[in-house]
Amino acid sequence: MEPVTGILNTTLAVVFTYVAYKTGSYIYKYTPYSYPNARIRAMEAKLLSEQRFNELAESRSLQNFVVNLEDTEYRDYFGDVSSYTLEEVEKALERALAGTYTLMMKILPKRSREFFRLLLGEWDVRNIASVVKAKLTDEPAEDYVVEIGTMLPKVKAMAEAKSLEEILVVLEGTPYEEPFQKLLLGELDAMKFETELYRMHYSKLLEYALSRKGDERIILGEFVRLKIDKLNILTVLRAKRAGLSAEEIRPMLIPGGTVNLEPLLHVEDLGMALAELDSTKYGAVIRDVRERVEGDLSVLERAIESYISERMSELDRFYPLSVATPLSYILKKEAEIRRLRAIAKLIDDGVKPERIKELLGEVA
Amino acid sequence: MDPIVYVALGAALASGIAGAASAFGVGVAGAAAAGVVAEDEKNFKNALILEGLPMTQSIYGLITLFLILLSAGIIGGGFKFAEPTTQNIVKSAILFGAGLTVGLTGLSAIPQGIIASAGIGAVAKNPKTFTQGIIFAAMAETMAIFGLVGALIMIATGVGL
């Protein structure tokens, strides 16, 4: 009986250990996303519908526009608006986007919270690049500051700075100090400075994404690579339109994308570059907007953004309890706020509601 | 091992594992329920129904516990297998196996909670998916039912009630 009992006990111990390990890893993987993802889905139900956008387009004044948003979650952000100017409305919408990021960082599990903090850093890069470019061209830098990011007080201080040396003091101790020093020394021009900031930002994002495991690595990795593709494709196309050579374009590209852009660098013009992209996974995206892209590259920018959003929605359906859900939501929210800003701007410009509705489709 | 150890372990594993799994399952679904209710109180009813689904495994565990204790005579009389004879050891080992079956299949409460959690999110986004959400979550219940049926057969044919 002794050996039989021994085998039985060992078998039970092995089975229990395996079951406990698998159960534990299952719980660790999915449980942390239970609360945030369910909440985010409830938030998705509150995203504005097409009908609602059409109603907003009928607002005719910014005051009516704000009143029409009273029964939405934007109400909280319009509470501080003292006057119904475009600037105030835009700032309120920027606060709403910042609020969404803050909420994500609050409710998401620790392991993906850091990614959203890094993602928020893209707004720092945009703000710093805009402020520096404005300072270099003697434009009012405050107008270019978007009220969102992880280092907004520093960005505001940069905008108020009286000289470039003062900006260097503000940037001291941040990762952006070194490229700014190079800009001051003339080793970089404004465009290369901006590229360097984006390169730093995306290398941080990619490094973080690739440090994750399993589903998270797949989702975050794809998200970052798609974003890099978007930036690189637009950079190459803009450069081709400006007639730049392959040698001039190459340093502007951010490493880590999924598309081999080398053949694009050697074509002669924008049309040929678009034709070259036809064989890539962005071919279908470009084909739909091809005619309009040659006149306006922002059409392609929106088309690729829409593709990234759709891809994240697909991943969200495939991995319902994962970081794909908040990523998909934040992209939808950004698109919604972009459309609201466009409506506000068009209303402020006195554009007729019918025309606003037409233009809204293009912004989407 | 003495027969009493087999019987006690069988009863404890049936209700213990299934109960703990149910607790995890309800916990996962409950967190999702709290999330959707935080956004809109109208989600409460649908979320509550889906949240309750992983509780059934703990009921199966409890039923099995009672059946094991009943058939071993611990409930309603003296312990029938006190003597460590081969027949008593086999019978108590069968009761142990029955308990283990229900306990392990009761682990289905954890994935059921995860499915219910995803379902709660889907229903919050589109209330028309409520029925489908229940069906998807109920699928995980099948394994627990199979386990309970298997345990009942083991107890009834191997030991007798």
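First, a word on scope: everything that follows refers to the structure included in this document. Note that this is a predicted model, so its numbers are computed, not measured. (Residues numbered from 1 in each chain as written. Chains lettered and ligands numbered in written order. Predicted model: local features only at pLDDT ≥ 70, side-chain atom pairs only at ≥ 80, totals over all residues. Heavy atoms only, no water.)

Some details on the nonpolar core
Worth spelling out the cut-off: The term nonpolar core refers to a set of buried residues drawn from Ala, Val, Leu, Ile, Met, Phe, Trp, Tyr and Cys, joined through side-chain atoms within 4.5 Å. Think of it in three bands: with a 1.4 Å probe and only protein chains considered, a residue is buried below 20% of the maximum accessible area for its type, exposed above 50%, and partly exposed in between. What marks off one domain from the next here is an automatic or database domain assignment. Contact definition: two residues touch when any of their heavy atoms are within 4.5 Å.
Membership of the largest hydrophobic core comes to 136 residues, with the highest contact counts inside it found for A:Phe65, A:Phe115, A:Phe116 and A:Ile128. Both of domain 1 (109–211) and domain 2 (220–322) of chain A provide at least three residues apiece to this core. Once you skip the residues sitting within four places of it in the chain, A:Phe115 turns out to touch A:Leu205, A:Tyr208, A:Leu220, A:Phe223, A:Val224 and A:Leu327. B:Tyr60, B:Leu95, B:Ala98 and B:Val159 belong to the second largest nonpolar core, which has 18 residues in total.

Let's talk about a negative patch on the surface
All names here are of chain A. We apply this condition: Residues qualify for a patch when their relative accessible area is over 30% and they have no salt bridge, like charges being joined within 9 Å and the nonpolar side chains of Val, Leu, Ile, Met, Phe, Trp and Tyr within 5 Å. Surface accessibility follows the Shrake-Rupley procedure with a 1.4 Å probe radius. Residue values consider only the protein chains on display as shielding. Salt bridges are identified by distance alone: a Lys or Arg side-chain nitrogen within 4 Å of an Asp or Glu carboxyl oxygen. In this count, Lys and Arg are taken as positive residues and Asp and Glu as negative ones, while His and the chain termini are left out. Charge positions are represented by NZ for Lys, CZ for Arg, CG for Asp and CD for Glu. Counting from the N terminus, the helices are DSSP H or I runs at least four residues long and the strands are E runs at least two residues long.
A cluster of like negative charges, contributed by Glu-87, Asp-138, Glu-139, Glu-142, Asp-143 and Glu-160, occupies part of the molecular surface. Counting through the fold element by element, Glu-139 comes out in the loop between helix H6 (110–136) and helix H7 (152–160). Judged by relative accessible area, Glu-139 falls into the partly exposed class, the value being 37%.

Comments concerning the interface of chain B and chain A
Note the following rule: When two components associate, each loses some accessible surface as probed by a 1.4 Å sphere; the sum of these losses over both components is called the buried area. Definition of a polar contact: a pair of N or O atoms within 3.5 Å, with one able to donate and the other able to accept a hydrogen when the atoms are protein atoms, and with sequence-neighbouring residues admitted only if both atoms are side-chain atoms.
In this complex, chain B contributes 28 residues to the contact, which on the side of chain A involves 23 residues. At the boundary of chain B with chain A, total buried surface from both sides reaches about 2,100 Å², with 75% on carbon and sulfur atoms. Together, B:Glu39, B:Ile114 and B:Lys125 form the three largest contributors to the area buried by chain B at its contact with chain A, with a combined 30%. Scanning the region where chain B abuts chain A turns up three salt bridges. Linking chain B with chain A are six residue pairs in polar contact (both at pLDDT 80 or more). It is helix H1 (residues 3–39) of chain B that provides the largest number of residues to the side of chain B that touches chain A, a total of 13 residues.

Some thoughts on a nonpolar patch on the surface
All names here are of chain B. On the surface, Met-1, Ile-4, Val-5, Leu-9 and Ile-74 cluster together into a nonpolar patch covering about 360 Å² of accessible area. Relative to the helices and strands, Ile-74 resides in the loop between helix H3 (56–71) and helix H4 (86–105). The exposure class assigned to Ile-74 is partly exposed, which follows from its relative accessible area of 36%.

Focus on the packing of aromatic side chains
Aromatic ring pairs are defined here through the distance separating the ring centres and the angle between the ring planes. Residues and elements named next belong to chain A. The criterion, for reference: For this analysis, a ring pair means two rings from Phe, Tyr or Trp (six-membered ring only for Trp) whose centres lie within 6.5 Å, classed as stacked if their planes differ by under 30 degrees, edge-to-face if by over 60, and tilted for the remaining angles. By definition, being over a ring means that NZ of Lys or CZ of Arg is both within 6 Å of the ring centre and within 35 degrees of the ring normal.
Here the structure, examined in full by the defined rule, presents ten aromatic pairs over all chains. Ring centres of Tyr-26 and Tyr-30 lie 5.2 Å apart, and the angle between their planes is 85°; on these two criteria the pair is classed as edge-to-face. Here Tyr-30 and Tyr-26 lie together in helix H1 (residues 2–44), a separation of four residues that amounts to about one turn. What makes Tyr-26 partly exposed here is its relative accessible area of 35%. Ring geometry for Tyr-282 against Tyr-307: centres 5.4 Å apart, planes inclined by 70°, an arrangement best described as edge-to-face. Here the residue Tyr-282 occupies a position in the loop between helix H14 (270–277) and helix H15 (283–293), and Tyr-307 occupies one in helix H16 (residues 297–318), the gap between them amounting to 25 residues. One exposure class covers both Tyr-282 and Tyr-307, and it is buried. Among the aromatic side chains, those forming a connected cluster through ring pairs are Phe-115, Phe-116, Tyr-208 and Phe-223. Against the face of Tyr-28 rests Arg-111, its NZ or CZ located 4.6 Å from the ring centre. Its end group placed over the ring of Trp-123, Arg-126 keeps NZ or CZ at 4.4 Å from the ring centre.

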